[in-house]
Amino acid sequence: MALDEQTIYREHPCFGPHKHNKGRIHLPVAPGCNIECRFCDRKINESENRPGVTSTVLKPEEACEYIRRALERCPELTVVGIAGPGDTLATPYALETFRLVKKEFPQLIRCMSTNGLLLPEKADELVEVGIDTLTVTVNAVQPEIEAQLNNRIIYHGKIYTGVEAAKILIQNQIEGIKRLSDTGMLIKVNTVLCPGINDCHIEEIAYTVKDAGAHIYNIIPLIPQNELKHLEAPTFKQLDDARKAAFPYINIFTHCAHCRADAIGVPGEYDIGSEIYMGRVNTKETFSHG
Ligand code: CLF
Ligand code: SF4
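Rules and cut-offs
Residues numbered from 1 in each chain as written. Chains lettered and ligands numbered in written order. Predicted model: local features only at pLDDT ≥ 70, side-chain atom pairs only at ≥ 80, totals over all residues. Heavy atoms only, no water. Helix = DSSP H or I, 4+ residues; strand = E, 2+ residues; numbered from the N terminus. Rg over C-alpha atoms; globule rule 2.2 N^0.38 Å. Buried < 20%, exposed > 50% of the residue type's maximum accessible area, 1.4 Å probe, protein only. Areas by Shrake-Rupley, 256 points an atom, 1.4 Å probe, with all protein chains shown as cover. Lys, Arg positive; Asp, Glu negative; His and termini not counted. Charge placed at Lys NZ, Arg CZ, Asp CG, Glu CD. Polar contact = N/O pair within 3.5 Å; in protein donor to acceptor, adjacent residues only side chain to side chain. Contact = heavy atoms within 4.5 Å. Phe/Tyr/Trp six-rings, centres within 6.5 Å; stacked < 30°, edge-to-face > 60°. Lys NZ or Arg CZ within 6 Å of the ring centre and 35° of its normal. Near = heavy atom within 4 Å. Nonpolar A, V, L, I, M, F, W, Y, C, P; charged D, E, K, R; others polar. Pairing = 2+ DSSP bridges. Right-handed = clockwise from strand over helix to strand, strands pointing away. Axes fitted to C-alpha atoms, helices over the stretch in contact; angles between N-to-C directions. 1 Å grid on protein atoms, 1.4 Å probe; cavity = no way out; pocket = protein on both sides within 12 Å on 5 of 7 lines; lining within 4 Å. Points joined across faces, edges and corners; volume = space filled by probe spheres on them.

*Asks:* How should the overall build of the protein be read in this particular structure?
*Replies:* A tally of helices and strands in the protein yields 10 helices and 11 strands. For 290 residues, the compact-globule estimate of 2.2 N^0.38 gives 19 Å, and the C-alpha radius of gyration of the protein, at 17 Å, lies within 12% of that figure. A principal-axis box enclosing the C-alpha atoms of the protein has dimensions of 45 × 45 × 35 Å. Expressed as a percentage of its 290 residues, the buried residues of the protein come to 57%. Counting only carbon and sulfur atoms, one obtains 52% of the accessible surface of the protein, whose full area is about 12,200 Å². Positive and negative charge centroids in the protein, built from 31 and 38 side chains respectively, lie 2 Å apart.

What follows is the structure, given as structure tokens:
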């Protein structure tokens, strides 16, 4: 059964309106991705194509041991999250991991983050493995805008590009949000704010995802890299304007710490990920999926 909203607001560092002293452990078990965001330096199935890279992320059966070690050092942990380093639904490892974690640590909130491409077809499985909170990264709800942010997707074995790819991605994100919010799952939407591309589009994203059932909205400033490295990172004012544009429609999450896929600790306070994973994990620093 889904956790009630008040419990999640009180216990989850990323879903309540106020910052509090609760922590999360991210398990970097999801190496591959099925889309190609232009600001990301990961590529479709990059991990599978480069021998050795997959060995630097955790295996599902290793996860519980790391949670145990982390809880000894950090009793504030209330959430176990999987946020990459690729997409959590592009490979089966995230859902496998949540199944194991649910058995051993049923008291921890299970939090998953995805680009949403496979959300409609995986919705029932997310409910079955007991995901409590879900984040979907929606960078645009107009295909022409999304196509400027994403080169291509790989969907059911076929590559789609440009506006055609964007239409499939957006449709699946919105349908997935609707289906899962109907089950009572709490949903956060993240948008990477890319000046000159989607900064004038935030209001439309906000009311579209709210209408689909999202509870809270997190606007993440672009880290200019890869094909969007020529853009400027948003200024504080641009970020503030974007939040103001969304505010009439949906709750805004303002204390995001832009965590890595292997973060452990209280967001914005301390991180012991490198100590617990002991160099075992070598995920790339990219924008956060959280
Ligand atoms: Fe992790 Fe994300 Fe779950 Fe939080 S992070 S998967 S929702 S447990 Fe949180 Fe970090 Fe911001 Fe993410 S502060 S990047 S919003
Ligand atoms: Fe995939 Fe995330 Fe990179 Fe986009 S930002 S290509 S969803 S890993």
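And the narrative resumes.
*Asks:* Would you take a moment to explain the side chain of T191 for this structure?
*Replies:* Checked against the element boundaries, T191 lands in strand 8 (residues 186-193). With a relative accessible area of 0%, T191 lands in the buried category. A polar contact is formed between the side chain of T191 and the backbone oxygen of V138, at a distance of 2.6 Å. Other than its neighbours up to four places away in sequence, T191 contacts V138, N139, N198, I202, I205, Y217, N218, I219 and I220.

*Asks:* Mind showing me how you'd approach the packing of aromatic side chains here?
*Replies:* The geometry of an aromatic ring pair is captured by the separation of the ring centres together with the interplanar angle, meaning the angle of the planes. With the rule as written, the count across this model stands at 2 aromatic pairs. On the numbers, 5.1 Å between centres and 50° between planes, the contact of Y66 with Y277 is tilted. Taken together, the residues Y66 in helix 3 (residues 63-73) and Y277 in helix 10 (residues 273-277) connect sequence positions 211 residues apart. For the pair Y66 and Y277, a shared accessibility class is recorded, and that class is buried. Residue placement shows R69 over the ring face of Y66; its charged tip is 4.9 Å from the ring centre.

*Asks:* Sorry if this is basic, but what is going on with the side chain of T78 here?
*Replies:* Relative to the assigned elements, T78 resides in strand 3 (residues 77-82). Here the side chain of T78 touches E11 through a polar contact of 2.6 Å, landing on its backbone oxygen. The residues touching T78, leaving out its near neighbours within four places in the chain, are E11, P13, K22, G23, L108 and I109.

*Asks:* Is there a simple way to think about the site of ligand 1 in this case?
*Replies:* The environment of ligand 1 is made up of 18 residues, and the closest members are C14, H26, C111, C256 and C259. When the residues that make up the shell around ligand 1 are grouped by side-chain class, the tally is 9 nonpolar, 7 polar and 2 charged.

*Asks:* Sorry if this is basic, but what is going on with the pairing of strand 5 (residues 133-137) here?
*Replies:* On any regular strand, side chains alternate: one points to one face of the sheet, the next to the other face. Extensive coverage of strand 5 is indicated by the burial of 5 of its 5 residues. Neither face of strand 5 is left uncovered, since the one carrying T133, T135 and T137 and the one carrying L134 and V136 both have all their residues buried. Two elements, strand 4 (residues 109-114) and strand 5, share 4 bridges in a ladder whose sense is parallel. Counted as the bridge partner of T114 is V136 from strand 5. For the handedness criterion, the β-α-β arrangement of strand 4, helix 5 (residues 119-129) and strand 5 is classed as right-handed.

*Asks:* How should I be thinking about the sheet that holds strand 6 (residues 150-155) in this particular structure?
*Replies:* Strand pairing in a sheet relies on backbone hydrogen bonds. The paired strands run either parallel or antiparallel. Read from one edge to the other, the open sheet built from 3 strands follows the order 2-6-7, with strand pairing classed as antiparallel. The sheet is open, and its two borders are formed by strand 2 (35-37) and strand 7 (158-161), each paired with just one other strand. In this sheet, neighbouring strand axes are inclined to one another by 20° on average, regardless of whether the strands run parallel or antiparallel.

*Asks:* What should I look at first to understand empty space enclosed by the protein in this one?
*Replies:* Once rolled over the atoms, a probe with the size of a water molecule shows which space is left empty. Under the defined criterion, the tally for this structure stands at 4 cavities of 30 Å³ or more. Forming the boundary of the largest cavity are 26 residues, of which H12, C14, R24, H26 and C259 lie nearest the centre. Among the secondary structure elements, those contributing two or more residues to the lining of the largest cavity are strand 1 (23-26), strand 3 and strand 4. Residues that form the lining of the largest cavity fall into these classes: 13 nonpolar, 10 polar and 3 charged.

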